[in-house]
Amino acid sequence: QVFGYRLMLNFDRPYMARSVAEFWSRWHISLSTWFRDYLYIPLGGNRVATTRWYVNLAIVFLVSGLWHGTNWTYVIWGALHAFFLIATIMTSSVRARLAQAAGLDQVPGLHAFCQRLLVFTLICFAWIFFRADSLADAVHIITHLGTGWSQLFNAGWFREAFEQIGVSKNYLLLSVLLIGVLEWVQAYESSRNQSDWRQLFASLHWSCRWAAYAGLVLAIMNLGAPKAAPFIYFQF
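If you're wondering where the values come from, they're calculated on a predicted model, not measured in any experiment. (Residues numbered from 1 in each chain as written. Predicted model: local features only at pLDDT ≥ 70, side-chain atom pairs only at ≥ 80, totals over all residues. Heavy atoms only, no water.)

**Q** Can you tell me about the packing of helix 2 (residues 29–43) against helix 3 (residues 50–68), naming the residues and giving the values?
**A** Relative orientation of the contacting elements helix 2 and helix 3 amounts to 135°, with a least axis distance of 10 Å. Classed by the angle they form, the pair helix 2 and helix 3 counts as oblique. As helix 2 runs across helix 3, the sense of the crossing is right-handed. Facing L31, F35, L39, Y40 and L43 of helix 2, the residues of helix 3 in contact are R52, W53, N56, L57, I59, V60, V63, S64, W67 and H68. (Axes fitted to C-alpha atoms, helices over the stretch in contact; angles between N-to-C directions. Helix = DSSP H or I, 4+ residues; strand = E, 2+ residues; numbered from the N terminus. Parallel < 35°, antiparallel > 145°, perpendicular 65-115°, else oblique. Left-handed = near helix turned anticlockwise from the far one by under 90°. Contact = heavy atoms within 4.5 Å.)

Right, here's the structure in full:
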């Protein structure tokens, strides 16, 4: 924006989504918008028979998987999202009745929490296939999800695990703190438009603004990547 360029918002707190459809309206918005405009709508979108609508959704997500790589792991990742989305549509009335029977419709906050927890669990399960190097690795991870509980309260095991991946205790605490700050900033932005945020920052005393500038520069110098990293999407 300093140079006059305005980029679209590409991620909008996707893990706060209460449905898979909402997740995809928040996650990698530029890519999902492209698939919507150039594949989903030309296929007919939802302005077709119900069965054809489901087929259109499946095609979009399968192609999305193949876009990331010609590997069965990506295909299954796309298929899982298609299944989640179609199942969500098909069971909407059933889920509404279950929520009413459980009294969740009387406690909106708890209902929203349960929805977000379920969506987060489904999305993370699908990420296993996206991140695994092979289908065999993904199967191994899934079949071992319920193991290792004996180490849960073993502080020494946690320390060794983080040391193996090069993460010290101080680095972990700093990461958690910075993630918390970013979450607060995004929550603030979601409740107001970005111009309000900029106006609030501009209204601060010059000493506070320049202290923030210095802090951001130091953060870039100390927390930035020490060497050039290839653009992540070059691998897709």
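**Q** Give a description of a nonpolar patch on the surface that names residues and reports values.
**A** On the surface, L174, L177, L178, V181 and L223 cluster together to form a nonpolar patch covering roughly 410 Å² of accessible area. Element by element, the count of residues in the nonpolar patch is highest for helix 9 (residues 169–191), at four residues. By the element assignment, L178 lies in helix 9. (Patch = residues over 30% accessible without salt bridge, like charges linked within 9 Å, V, L, I, M, F, W, Y side chains within 5 Å. Areas by Shrake-Rupley, 256 points an atom, 1.4 Å probe, with all protein chains shown as cover. Salt bridge = Lys/Arg side-chain N within 4 Å of Asp/Glu carboxyl O.)

**Q** Could you give an account of the packing of aromatic side chains, with specific residues and numbers?
**A** This structure, assessed with the given rule, holds 19 aromatic pairs. Ring centres of W210 and Y213 lie 4.9 Å apart, and the angle between their planes is 85°; on these two criteria the pair is classed as edge-to-face. Here Y213 and W210 lie together in helix 11 (residues 206–223), a separation of three residues that amounts to about one turn. Overall, the relative accessible area of 33% leaves Y213 in the partly exposed class. One aromatic cluster is present, formed by F11, Y15, F23, W24, W27, F61, Y74, W77, F120, W127 and F130 through successive ring pairs. (Phe/Tyr/Trp six-rings, centres within 6.5 Å; stacked < 30°, edge-to-face > 60°. Buried < 20%, exposed > 50% of the residue type's maximum accessible area, 1.4 Å probe, protein only.)

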